[in-house]
Amino acid sequence: LWPSSEWSIDVLRGRIALVPEFLAWSDTYPLDQPPEVAEPVLTGSVDGVDLYNAGPEQTDLVVWALDRYRDSGLPLPPVTHVTFPPTASCLRGVSGMAYHGDDSGHIDLCAPATLFAAGELPLTTRRTVLHELGHLWTVGHTDDTLRQAFLDHLGLSAWSGVEWGSSGSEAAAEILVWGLIDEPVDVRVPGTSCAERYTAFEILTGSAPTQRTCGGS
């Protein structure tokens, strides 16, 4: 049943107003007509990381993300370049993807300039860039022994090749988000306490998460 308050009517109006904005950003419709994607254009470089199709906002996002690693005393992820595809190429609502070889890789991020308001970096976009960079960080800075210790700590059985919620690789990327981001966030690692996440971060990185404290939890 719908409440009959003015508040609920305003909320409904707001949700309806968001529909075209969401479709314009995610380009999930129509799914059967993939758009043409233009060749990426090199627009700059940050700390040796080439940026493609990046405006000032996207450049600031990458600078911020790399600074999170640097300020936490961690080596940078082995990322060769970051591409910001045109909005029309962000199919099915995917907001980021990491691609890697044996020791380095690159990421694609759907972060059109329309997402950035008044020069602020949206929380969801900050989470996404840290998550995708986290995948590359584990490629360059972990080995099989360390990954197994991480899996054992969280009670997971596989690093990859399983569904998202059971993947050690995805859990590691989320733990890095949790430990590096500059404000408290929920972490998508089910059934973990703050203390367990804290220890998981230490196992991965060899250091404590400078942005998080857990008290007695």
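Described in the following lines is the structure provided in the data block. (Residues numbered from 1 in each chain as written. Predicted model: local features only at pLDDT ≥ 70, side-chain atom pairs only at ≥ 80, totals over all residues. Heavy atoms only, no water.)

## What to know about the overall build of the chain
Moving on, step 1. When you go through the chain residue by residue, the secondary structure sums to six helices and five strands.
Moving on, step 2. The N-to-C order of helical and strand elements in the chain reads α-β-β-α-β-β-β-α-α-α-α.
Moving on, step 3. Sequence separation of 24 or more characterises 64% of the internal contacts of the chain that already satisfy a separation of 6 or more.
Moving on, step 4. By element, 55% of the accessible surface of the chain is carried by carbon and sulfur atoms, the whole surface being about 11,800 Å². (Helix = DSSP H or I, 4+ residues; strand = E, 2+ residues; numbered from the N terminus. Contact = heavy atoms within 4.5 Å. Areas by Shrake-Rupley, 256 points an atom, 1.4 Å probe, with all protein chains shown as cover.)

## Some details on the state of the cysteines
Moving on, step 1. Following the criterion strictly, the structure yields one disulfide and no others.
Moving on, step 2. In this model, C194 is linked to C214 through a disulfide, with the two sulfur atoms separated by 1.9 Å. With the S-S dihedral at roughly -75°, the linkage between C194 and C214 falls on the left-handed side. With C194 in helix α6 (residues 194–205) and C214 in the segment after α6, the pair connects residues that are 20 residues apart, well separated along the chain. Across the pair, exposure class does not vary: C194 and C214 are buried alike. (Disulfide = S-S within 2.5 Å. Buried < 20%, exposed > 50% of the residue type's maximum accessible area, 1.4 Å probe, protein only.)

## A word on the sheet that holds strand β1 (residues 42–46)
For sheets, the rule is that strands pair by backbone hydrogen bonds, running either parallel or antiparallel.
Moving on, step 1. Pairing is mixed across the open sheet formed by five strands, whose spatial order is β1-β2-β3-β5-β4. In this open sheet, the two strands that pair with only one neighbour each are β1 and β4 (96–100). Along the sheet, successive strands turn relative to each other by an average axial angle of 20°, direction set aside.
Moving on, step 2. As judged from the three bridges shared by strand β2 (residues 49–52) and strand β3 (residues 79–83), these two strands associate in the parallel manner. (Pairing = 2+ DSSP bridges. Axes fitted to C-alpha atoms, helices over the stretch in contact; angles between N-to-C directions.)

## Section: the packing of aromatic side chains
Moving on, step 1. Enumeration according to the criterion identifies one aromatic pair in this entry.
Moving on, step 2. With a centroid separation of 6.1 Å and 75° between ring planes, the pair formed by F150 and W159 is classed as edge-to-face.
Moving on, step 3. By relative accessible area, which is 0% here, F150 ends up buried.
Moving on, step 4. W159 gets classed as buried once you look at its relative accessible area, which sits at 15%.
Moving on, step 5. The ring of W64 has R126 sitting right over it, with the charged end atom 5.7 Å from the ring centre. (Phe/Tyr/Trp six-rings, centres within 6.5 Å; stacked < 30°, edge-to-face > 60°. Lys NZ or Arg CZ within 6 Å of the ring centre and 35° of its normal.)

## Points about unusual backbone geometry
Moving on, step 1. For D47, which is not a glycine, the phi torsion comes out positive at approximately 50°.
Moving on, step 2. Tracing the backbone through its elements, the reader meets D47 in the loop between β1 and β2.
Moving on, step 3. For N53, which is not glycine, the phi torsion reads 60° and is therefore positive.
Moving on, step 4. Note on N53: relative accessible area 23%, which makes it partly exposed.

## Topic: the pairing of β1
Moving on, step 1. Bridge count between β1 and β2: four bridges; the pairing is antiparallel. Paired with V46 across the strands is V49, a residue of β2.
Moving on, step 2. Hairpin geometry of β1 and β2 is characterised by an intervening segment of two residues between the two adjacent antiparallel strands and by a positive phi of about 50° at D47.

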